[in-house]
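Observations on the three-dimensional arrangement
These are the residues of each chain, in order.
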Amino acid sequence: MAEIHLNITLNPFFLSHMRGIVDTVSRSLKRRPAVALRLGEDADEDLREAWMQGLLESLQTDLDALNDLFMELGAGGGLLNVSEEQAEKMLRSASALRLRLRESCFKGLSEDALETGKVDFHQFSPEDQRVYGVYLFLAHLQEQLIAELDQSASDWQE
Amino acid sequence: MPASTKTVENPDTDTSVAELLPWQVIVMNDPVNLMSYVVMVFRRVFGFDVEKARKHMLEVHEQGKSVLWSGEREQAETYVYQLQEWQLNACLSRDG
């Protein structure tokens, strides 16, 4: 399986804040998935329970991969190599974190503002500015991972 | 309006027809997941080529939802579970 190369440089102060925010959100994702369970109307309680437990367990494995990345980033970042499997886990966990951040911190923002990124940063409190910075960083990480995965897939086909 | 109508006593519509309808895998829009991410997930879960994955992503984005697959319940559940593992807003629905 191909390796993915990431080049991440972060302000140590921001990185330290981000770890704290990600820790808090990860704890909430241990109790409830980021997506709503939507099964058929006739799905029984046992299926719902097994479904939710399965989602929570796989999400924890995904979040572990992202935490490993943050540990490897050390004080401020640099060049990192991750496997394709680790990259997929990071992508999923970044999505879960962004969904939960949206739900808990940016409920007041319209879908349009979130989709287009046309957000008045100065309307946020300093704490929310940091949270929004994490929200944006996770999207940037996803873009980098997707570009690398695409590149790796096309190298494989050549 | 038809010229004549015939009243059917005890019409034979029934739940067995509903039971035969295929199950649909539907993905609904959310303002959080990136377009490129959604395309990648559709390719990985359903094995779509880029054009087909992109077409469904745009349907989700512009119309609010897209039907990705339809067929037997067990396979539909597997797809919905995988999509939810990828953090997409997916659900099962009965066709028809």
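A closer look at the overall build of chain A
Each helix and strand in chain A was counted, giving five helices and two strands. Ordering the α and β elements of chain A from the N terminus gives β-α-α-β-α-α-α. When its C-alpha atoms are laid out on the principal axes, chain A stretches across 50 × 45 × 30 Å. Relative to all contacts within chain A whose residues are 6 or more apart in sequence, the contacts with residues 24 or more apart total 80%. Surface summary for chain A: the accessible area is close to 8400 Å², and the carbon and sulfur share equals 50%. A distance of 9 Å separates the average location of the 15 positive side-chain charges in chain A from that of its 28 negative side-chain charges.

Some words on helix H4 (residues 73-85) of chain B
Between its first and last C-alpha, H4(B) extends 18 Å over 13 residues, near the 18 Å set by a 1.5 Å rise per residue. Among the residues of H4(B), those classed as buried are Ala76(B), Glu77(B), Tyr79(B), Val80(B), Leu83(B) and Gln84(B). Down the axis, H4(B) shows its buried residues gathered within 165° of arc, on one side only. Those residues of H4(B) that are buried lie in contact with helix H2 (45-73) of chain A together with strand E1 (23-28), helix H2 (35-46), strand E2 (65-71) and strand E3 (89-94) of chain B. A positive backbone phi angle near 70° is found at Gln87(B), which sits one or two residues after H4(B).

As for the pattern of salt bridges
For the structure shown, the criterion picks out nine salt bridges over all chains. Salt-bridge contacts for Glu84(A) lead to Arg44(B); the nearest nitrogen and oxygen are separated by 3.8 Å. With Glu84(A) in helix H3 (residues 84-105) and Arg44(B) in helix H2, this pair bridges two chains. Since its relative accessible area comes to 17%, Glu84(A) is described here as buried. What makes Arg44(B) partly exposed here is its relative accessible area of 32%.

Focus: the pairing of strand E1 (residues 3-9) of chain A
Residues and elements named next belong to chain A. Because side chains alternate across E1, one face comprises the buried residues Ile4, Leu6 and Ile8, and the other comprises Glu3, His5, Asn7 and Thr9, none of which is buried. Across seven bridges, E1 lies against strand E2 (residues 77-83) in antiparallel orientation. When the sheet's bridge partners are listed, Glu3 is paired in E2 with Ser83.

Points about the packing of H2(A) against H3(A)
All names here are of chain A. Running from amino to carboxyl end, H2 crosses H3 at an angle of 105°, the nearest separation of the two axes being 8 Å. Taken together, H2 and H3 sit at an angle that is classed as roughly perpendicular. Between H2 and H3, the residues in contact are Leu59, Thr61, Asp62, Leu63, Ala65, Leu66, Asp68 and Leu69 and Gln86, Lys89, Met90, Arg92, Ser93, Ala94, Ala96 and Leu97, respectively. A class-by-class count of the residues in the contact of H2 with H3 yields nine nonpolar, three polar and four charged.

Description of the interface of chain A and chain B
On the side of chain B, 26 residues touch chain A, which itself brings 34 residues to the contact. Of the roughly 2600 Å² buried at the junction of chain A and chain B (both faces included), carbon and sulfur atoms supply 57%. It is Arg38(A), Trp51(A) and Arg92(A) in chain A that bury the most area against chain B; as a group they hold 23% of the surface buried on that side. A salt bridge links Glu88(A) to Arg44(B); the nearest nitrogen and oxygen atoms lie 2.1 Å apart. Here chain A and chain B share ten residue pairs in polar contact (both at pLDDT 80 or more) between them. The biggest single contributor to the side of chain A that touches chain B is H3(A), with nine residues. Split by residue class, the side of chain A that touches chain B holds 18 nonpolar, five polar and eleven charged.

Notes on the packing of aromatic side chains
Evaluated as defined, the whole model comprises 14 aromatic pairs over all chains. Aromatic side chains Phe46(B) and Tyr79(B) sit 4.6 Å apart centroid to centroid with 40° between the ring planes, which places their arrangement in the tilted category. Note that Phe46(B) is positioned in helix H2 and Tyr79(B) in helix H4, a separation of 33 residues in sequence. Taken individually, Phe46(B) and Tyr79(B) each receive the classification buried, so the pair is uniform in this respect. Consider the rings of Trp69(B) and Tyr79(B), whose centres lie 5.2 Å apart with planes at 65°: the pair is edge-to-face. Placement of Trp69(B) in strand E2 and of Tyr79(B) in helix H4 is noted, with a sequence separation of ten residues between them. Note on Trp69(B): relative accessible area 24%, which makes it partly exposed. Under the relative-accessibility criterion, Tyr79(B) is labelled buried at 14%. Of the aromatic side chains, those joined through ring pairs into one cluster are Phe106(A), Phe121(A), Phe124(A), Tyr132(A) and Tyr135(A). Over the ring of Tyr135(A) we find Arg98(A), and its NZ or CZ is 4.2 Å from the ring centre.

Here is what the cut-offs are and how they apply
- Residues numbered from 1 in each chain as written.
- Chains lettered and ligands numbered in written order.
- Predicted model: local features only at pLDDT ≥ 70, side-chain atom pairs only at ≥ 80, totals over all residues.
- Heavy atoms only, no water.
- Helix = DSSP H or I, 4+ residues; strand = E, 2+ residues; numbered from the N terminus.
- Contact = heavy atoms within 4.5 Å.
- Areas by Shrake-Rupley, 256 points an atom, 1.4 Å probe, with all protein chains shown as cover.
- Lys, Arg positive; Asp, Glu negative; His and termini not counted.
- Charge placed at Lys NZ, Arg CZ, Asp CG, Glu CD.
- Expected span 1.5 Å × (residues − 1).
- Buried < 20%, exposed > 50% of the residue type's maximum accessible area, 1.4 Å probe, protein only.
- Arc of directions from axis to C-beta.
- Salt bridge = Lys/Arg side-chain N within 4 Å of Asp/Glu carboxyl O.
- Pairing = 2+ DSSP bridges.
- Axes fitted to C-alpha atoms, helices over the stretch in contact; angles between N-to-C directions.
- Parallel < 35°, antiparallel > 145°, perpendicular 65-115°, else oblique.
- Nonpolar A, V, L, I, M, F, W, Y, C, P; charged D, E, K, R; others polar.
- Buried area = accessible area lost by both parts, 1.4 Å probe.
- Polar contact = N/O pair within 3.5 Å; in protein donor to acceptor, adjacent residues only side chain to side chain.
- Phe/Tyr/Trp six-rings, centres within 6.5 Å; stacked < 30°, edge-to-face > 60°.
- Lys NZ or Arg CZ within 6 Å of the ring centre and 35° of its normal.

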